[in-house]
Amino acid sequence: MHPATAVVADIVAAITPLDALEQQHIRETLSWLAGTDDIFRREPPATPPQHLVSYVVVVDPDARALLLGAHRKSGLHLPMGGHVDPGENPLHTARREAAEELGADADFTVVGDRPLFLTSTRTVGTHPHRDVSLWYVIRGHHDHPFELDPREFAGGRWWEIDRDAIPDSDPHMSRFLTKLRTALAS
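Residues numbered from 1 in each chain as written. Predicted model: local features only at pLDDT ≥ 70, side-chain atom pairs only at ≥ 80, totals over all residues. Heavy atoms only, no water.

Per an unreviewed UniProt entry, the protein goes by NUDIX hydrolase and derives from Nocardia africana.

Caption draft 1: Examining the pattern of salt bridges more closely. Taken as a whole, this structure holds 9 salt bridges when the rule is applied. R175 is the partner of D19 in a salt bridge, and the nearest nitrogen-oxygen pair spans 2.8 Å. Taken together, the positions of D19 in the loop between α1 (3-13) and α2 (20-35) and R175 in helix α4 (residues 173-185) put the pair 156 residues apart, joining distant regions of the chain. Of the residues examined, R175 reaches a relative accessible area of 15% and is grouped as buried. A salt bridge links D149 to R151; the shortest N-O distance between them is 2.8 Å. Connected through shared salt-bridge partners, D85, E88, R96, E97 and E100 make up one network. (Salt bridge = Lys/Arg side-chain N within 4 Å of Asp/Glu carboxyl O. Helix = DSSP H or I, 4+ residues; strand = E, 2+ residues; numbered from the N terminus. Buried < 20%, exposed > 50% of the residue type's maximum accessible area, 1.4 Å probe, protein only.)

Caption draft 2: Spatial organisation of the UniProt feature "domain: Nudix hydrolase" (unreviewed entry) in the protein. Taken from the UniProt record, the annotation "domain: Nudix hydrolase" (unreviewed entry) applies to residues 49-184. Helix makes up 18% of residues 49-184 and strand 35%, and the two end C-alpha atoms of the span are 35 Å apart. (UniProt positions renumbered as here; feature names shortened; annotations may be inferred.)

Caption draft 3: Region of the structure containing the nonpolar core. Residues L52, M80, L102 and I138 are the most contacted members of the largest nonpolar core, which totals 32 residues. Sorting the residues of this core by element identifies α1, α2, β1 (50-60), α3 (90-102) and β6 (130-139) as the ones contributing at least two each. Of the residues forming this core, the biggest block, 5 residues, is contributed by α1. The contact partners of L52, leaving out residues within four places of it in the chain, are V8, W32, I39, F40, H83, V84 and V132. Formed by 19 residues, the second largest nonpolar core is a distinct cluster that contains L66, W135, V137 and W159. (Core = buried A, V, L, I, M, F, W, Y, C linked by side-chain atoms within 4.5 Å. Contact = heavy atoms within 4.5 Å.)

Caption draft 4: Expanded view of the packing of α1 against α2. The contact between α1 and α2 brings their axes to 10 Å, and the two run at 165 degrees. One finds that α1 runs roughly antiparallel with respect to α2. Handedness of the crossing formed by α1 with α2: left-handed. Taken together, the residues of α2 that come into contact with α1 (itself represented by T5, V8, A9, V12 and A13) are I26, T29, L30 and L33. (Axes fitted to C-alpha atoms, helices over the stretch in contact; angles between N-to-C directions. Parallel < 35°, antiparallel > 145°, perpendicular 65-115°, else oblique. Left-handed = near helix turned anticlockwise from the far one by under 90°.)

Caption draft 5: Broad picture of the side chain of D170. One can find D170 in the loop between β7 (153-160) and α4. R175 is the oppositely charged side chain nearest to the buried, salt-bridge-free D170, at an N-O distance of 7.0 Å. Here D170 is in contact with Y55, H77, L78 and W135, once residues within four sequence places are set aside. (Lys, Arg positive; Asp, Glu negative; His and termini not counted.)

Caption draft 6: The pairing of strand β5 (residues 117-122), seen in detail. With 5 of 6 residues buried, β5 lies mostly within the body of the structure. Sheet topology note: the β5/β6 ladder contains 6 bridges and is antiparallel. By the bridge assignment, F117 is partnered in β6 with W135. (Pairing = 2+ DSSP bridges.)

Written as structure tokens, this is what we have:
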């Protein structure tokens, strides 16, 4: 196993699953990592057909809110983030994406600098592929004006963490909110 793949495998193995689906995603991801080093997107949008993403979820724990952007390509309300570059540590990707898409330094003091959540999602569209997403949480404040990258997002808004669901979002957002609420309670 290539050292960059081994780093990702260690990160994935350290995630405590929320439920049976996240446990399945972790198990499938670890199996995928054990079977290939071709885990980083080399050519947009879908080469290789399964690759890594680092989500950066901005959370204001005091206001119990999270910031989502109106993602231009997908038409969904999504966390910031992006594809992990070849050989890049996913934590570095989260820092880079926070700088690029939010104009901010990533502050990992909400739940720590390891991903809180892992999902494996088949995308839709003309080039469907599978994104294995590591969900990192960074601290924000709902009164702080973030400058979302206008090439990626048509604005953004804060959403209540205690909602059951957020319309037109990632298919795993409701589960992420459940895991986030549990993490914030401890």
